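An overview of the molecular structure
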Amino acid sequence: LGAAVLDDIIGVVILAALYDFAVKGEVSLIDTGKIIGFITAFLLIAPVITKLLVPLISKASRYGKTEGIIPTIIISLVLALAFISHKIGAPGILGSFAAGIALARRFFLPLGATIDHYSPDLAVKIEENMKPIIGLFVPVFFVVVGASINLKVIDFSSLVFWQTAGLLVSVAIITKMMSGIWVKGSLKTKLSTGIAMVPRGEVGLIFAEVGKKSGIFDDFMYAIIVFVVALTTLFAPVLLRIVMRDEE
């Protein structure tokens with residue numbers, strides 16, 4: 001999980017650099033360094049924000065009589081950090097990502113280290129309060145992404161489409177599965193960990209959406225990326241079930 005989080009952080013750094021290039025038309029090492037600095041600052045500030053908010057959320061869950069106070073606090077934090085991120089010239093997902101790390105009960109680090117932010121009981125309370133919002137907006141997100149694909153630019157009989165999609169799928173699967181090499185344990189443990197790193201899921205779709213809106217790539221490439229995200233997301237659980245069959 002720690003490796004997966006770092007994988008997303010690296011993705012956010014690359015996305016921020018590409019976003020800066022799309023806006024300004026050139027790659028600036030100074031601007032890229034500033035963005036990396038902002039990202040680092042966000043990730044360092046996130047635990048501090050948690051320490052400040054946890055007592056407020058805890059009191060609200062115990063004594064608050066207002067319906068929806070916990071989701072209001074959490075959504076406000078997500079939107080506030082996304083707004084700040086946008087204002088400093090980085091994609092809004094950077095701030096939202098930092099908010100997610102800040103609000104996570106347990107932050108997993110490489111080499112097995114973890115940071116506990118608050119008690120399991122409060123985590124359950126937060127999860128219960130957020131479920132209706134998650135249940136509403138997650139399907140909406142996937143529908144919006146699907147509806148934004150311009151099907152007119154996709155020609156499934158096109159050799160270019162399948163070559164590009166095949167190359168990206170191969171790179172996505174092979175490079176992620178290679179990460180299992182450094183995992184301690186049996187070959188099955190290494191293989192299952194590598195497979196589990198393959199899915200791109202909603203983070204990949206968010207990157208694709210930001211890339212399209214900022215002009216980093218066109219409708220054709222956007223459609224291919226969404227196609228690749230779907231394939232890698234479906235590929236992993238099927239193959240993982242086959243590899244882990246003996247564990248059941």
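Residues numbered from 1 in each chain as written. Predicted model: local features only at pLDDT ≥ 70, side-chain atom pairs only at ≥ 80, totals over all residues. Heavy atoms only, no water.

1. Overview of the overall build of the protein chain
The line we're drawing: Only DSSP runs of H or I reaching four residues or more are called helices, and only runs of E reaching two or more are called strands; each is numbered from the N terminus. Residue exposure (1.4 Å probe, protein chains only): buried if accessible area is under 20% of the type maximum, exposed if over 50%, otherwise partly exposed. Note on contacts: a residue pair is in contact if any heavy atoms of the two residues lie within 4.5 Å. Surface accessibility follows the Shrake-Rupley procedure with a 1.4 Å probe radius. Residue values consider only the protein chains on display as shielding.
In terms of helices and strands, the protein chain carries nine helices and two strands. For the protein chain, the sequential pattern of α-helices and β-strands runs α-α-α-α-β-β-α-α-α-α-α. Out of the 248 residues belonging to the protein chain, those deemed buried represent 35%. Contacts in the protein chain between residues far apart in sequence, at least 24 positions, make up 64% of those at least 6 positions apart. Here the protein chain has roughly 14,800 Å² of accessible surface; of this, 70% comes from carbon and sulfur atoms.

2. Examining a nonpolar patch on the surface
Keep this limit in mind: Exposure above 30% relative accessible area and the lack of any salt bridge qualify a residue for a patch; like charges then connect within 9 Å, and the nonpolar side chains Val, Leu, Ile, Met, Phe, Trp and Tyr within 5 Å. Between Lys or Arg on one side and Asp or Glu on the other, a salt bridge is scored when a side-chain nitrogen of the former is within 4 Å of a carboxyl oxygen of the latter.
A cluster of nonpolar residues, Leu136, Phe137, Val140 and Val144, forms a patch on the protein surface that exposes about 370 Å² of accessible area. Looking at the element boundaries, Leu136 is found in helix α5 (residues 120-147).

3. Digging into the side chain of Ser158
How we decide: In the analysis that follows, any N or O atom pair within 3.5 Å is treated as a polar contact, provided that within protein one partner can donate a hydrogen and the other can accept it, and provided that, for residues neighboring in sequence, both atoms belong to side chains.
Along the chain, Ser158 falls in the loop between α5 and α6 (159-178). Given the relative accessible area of 17%, Ser158 is considered buried. Among the polar contacts made by the side chain of Ser158, one reaches the main-chain amide nitrogen of Val160 at a distance of 3.3 Å.

4. Structural notes on the nonpolar core
To keep things clear, this is the line we draw: As used in this record, nonpolar core signifies buried Ala, Val, Leu, Ile, Met, Phe, Trp, Tyr and Cys residues forming a set joined through side-chain atoms within 4.5 Å.
One finds Ile57, Ile74, Leu77, Leu81 and Ile126 to be the most contacted residues of the largest nonpolar core, which totals 31 residues. A per-element tally of this core places helix α2 (residues 29-63) first, with eight residues. Counting 20 residues, the second-largest nonpolar core is a separate cluster that includes Val198, Leu205, Ala208 and Val229.

5. A closer look at helix α3 (residues 69-87)
Spelled out, the test is: Under the convention used throughout, the expected extent of a helix is 1.5 Å for every residue step, that is, one less than its residue count.
Compared with the 27 Å implied by 1.5 Å per residue over 19 residues, the 27 Å span of α3 between its first and last C-alpha is a close match. Within α3 the residues assigned to the buried category are Ile70, Pro71, Ile73, Ile74, Leu77, Leu81, Ala82 and Ser85.

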